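A look at the structure
Take a look at the letters that make up each chain.
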Amino acid sequence: MQNYQVIPITAADVVPTAERMRAAGRMLIMIHGYIDKDGNKLVSYEYATDQGIASYAVSGADVLPTISTIYSAAAEWPERELNELIGVEFTGLDTSSRLFLPDNLLEGDGHILVMPLEELREKNIKAKEE
């Protein structure tokens, strides 16, 4: 049976933790994130261990350092997704282009704009006319 352990960390612990895990030969499984019911962003870095998964979780940080310099694309893609979907900024990460959401589907700090398709079409037509 695998263990799943959640370890709270701060933004300052993200890079040292990634460096320690990389040096120990631990795979970065995934970086997850969401906004909780109080509006706080939670980002968890999940690493494979001998016993299962160790999840290092940062709560309430809007800006985190990238670990893409340590884990390459395994970190870059999930960091870019979290930047695009929930607005977490990763210092040192190139977010100059979007992964999958067009700019006109976003409102505010990375939140997806939800509206009827017909309304979005009208908005796009008006934008082209201007």
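The following refers to the structure shown. None of these values were measured; they are calculated from a predicted model.

**Notes on helix α1 (residues 14-23)**
Every buried residue belonging to α1 is among Val14, Thr17, Ala18 and Met21, and all of these are buried. When α1 is viewed along its axis, its buried side chains cluster within an angular range of 100 degrees and face the same direction. Along its buried surface, α1 packs onto β1 (3-9), β3 (41-48), β4 (52-59), β5 (63-65) and α2 (68-71). Just beyond α1, the residue with positive phi is Gly25, at close to 80 degrees.

**A few points about the pairing of β4**
For β4, the tally of buried residues reaches seven of eight residues, placing the bulk of the element in the interior. Inspection of the sheet shows β1 paired to β4 by seven bridges, in the parallel sense. Looking at the pairing, Gln5 lines up with Ala54 of β4. As defined by bridge partners, β3 adjoins β4 across seven bridges and the pair is classed as antiparallel.

**Overview of helix α3 (residues 73-86)**
In this model α3 runs 19 Å from its N-terminal to its C-terminal C-alpha over 14 residues, within 8% of the 20 Å that 1.5 Å per residue would give. Looking only at α3, the buried set comprises Ala75, Pro78, Glu79, Arg80, Leu82, Asn83, Glu84 and Ile86. At the C-terminal side of α3, Gly87 shows a positive phi close to 80 degrees.

**Here's the deal with the nonpolar core**
The biggest cluster of nonpolar side chains holds 23 residues, and the ones touching the most others in it are Ile31, Tyr45, Tyr47, Leu64, Ile67 and Tyr71. Contributing elements (two or more residues each) for this core: α1, β2 (28-35), β3, β4, α2 and α3. Once residues lying within four places of it in the same chain are set aside, the contact partners of Leu64 are Ala11, Val14, Val43, Tyr45, Val58, Val88, Glu89, Phe90 and Thr91.

**Description of the packing of aromatic side chains**
Taken as a whole, this structure holds two aromatic pairs when the rule is applied. Ring geometry for Tyr47 versus Tyr71: centroids 5.8 Å apart, planes at 50 degrees, classification tilted. With Tyr47 in strand β3 and Tyr71 in helix α2, this residue pair connects regions lying 24 residues apart in the sequence. Grouping residues by exposure puts Tyr47 and Tyr71 together as buried. Taken together, the aromatic side chains of Tyr47, Tyr56 and Tyr71 make up a single cluster linked through ring pairs. Against the face of Tyr71 rests Arg22, its NZ or CZ located 5.0 Å from the ring centre. Its end group placed over the ring of Trp77, Arg80 keeps NZ or CZ at 5.5 Å from the ring centre.

**Quick word on the side chain of Thr66**
Locating Thr66 in the fold gives a position in the loop between β5 and α2. Since its relative accessible area comes to 8%, Thr66 is described here as buried. There is a polar contact of 2.9 Å between the side chain of Thr66 and the side chain of Ser68. Side chain to side chain, Thr66 and Glu79 meet in a polar contact 2.4 Å long.

The rules behind the values
- Residues numbered from 1 in each chain as written.
- Predicted model: local features only at pLDDT ≥ 70, side-chain atom pairs only at ≥ 80, totals over all residues.
- Heavy atoms only, no water.
- Buried < 20%, exposed > 50% of the residue type's maximum accessible area, 1.4 Å probe, protein only.
- Helix = DSSP H or I, 4+ residues; strand = E, 2+ residues; numbered from the N terminus.
- Arc of directions from axis to C-beta.
- Contact = heavy atoms within 4.5 Å.
- Pairing = 2+ DSSP bridges.
- Expected span 1.5 Å × (residues − 1).
- Core = buried A, V, L, I, M, F, W, Y, C linked by side-chain atoms within 4.5 Å.
- Phe/Tyr/Trp six-rings, centres within 6.5 Å; stacked < 30°, edge-to-face > 60°.
- Lys NZ or Arg CZ within 6 Å of the ring centre and 35° of its normal.
- Polar contact = N/O pair within 3.5 Å; in protein donor to acceptor, adjacent residues only side chain to side chain.

Note that every value here comes from positions in space, so none of it alone points to a role or purpose.
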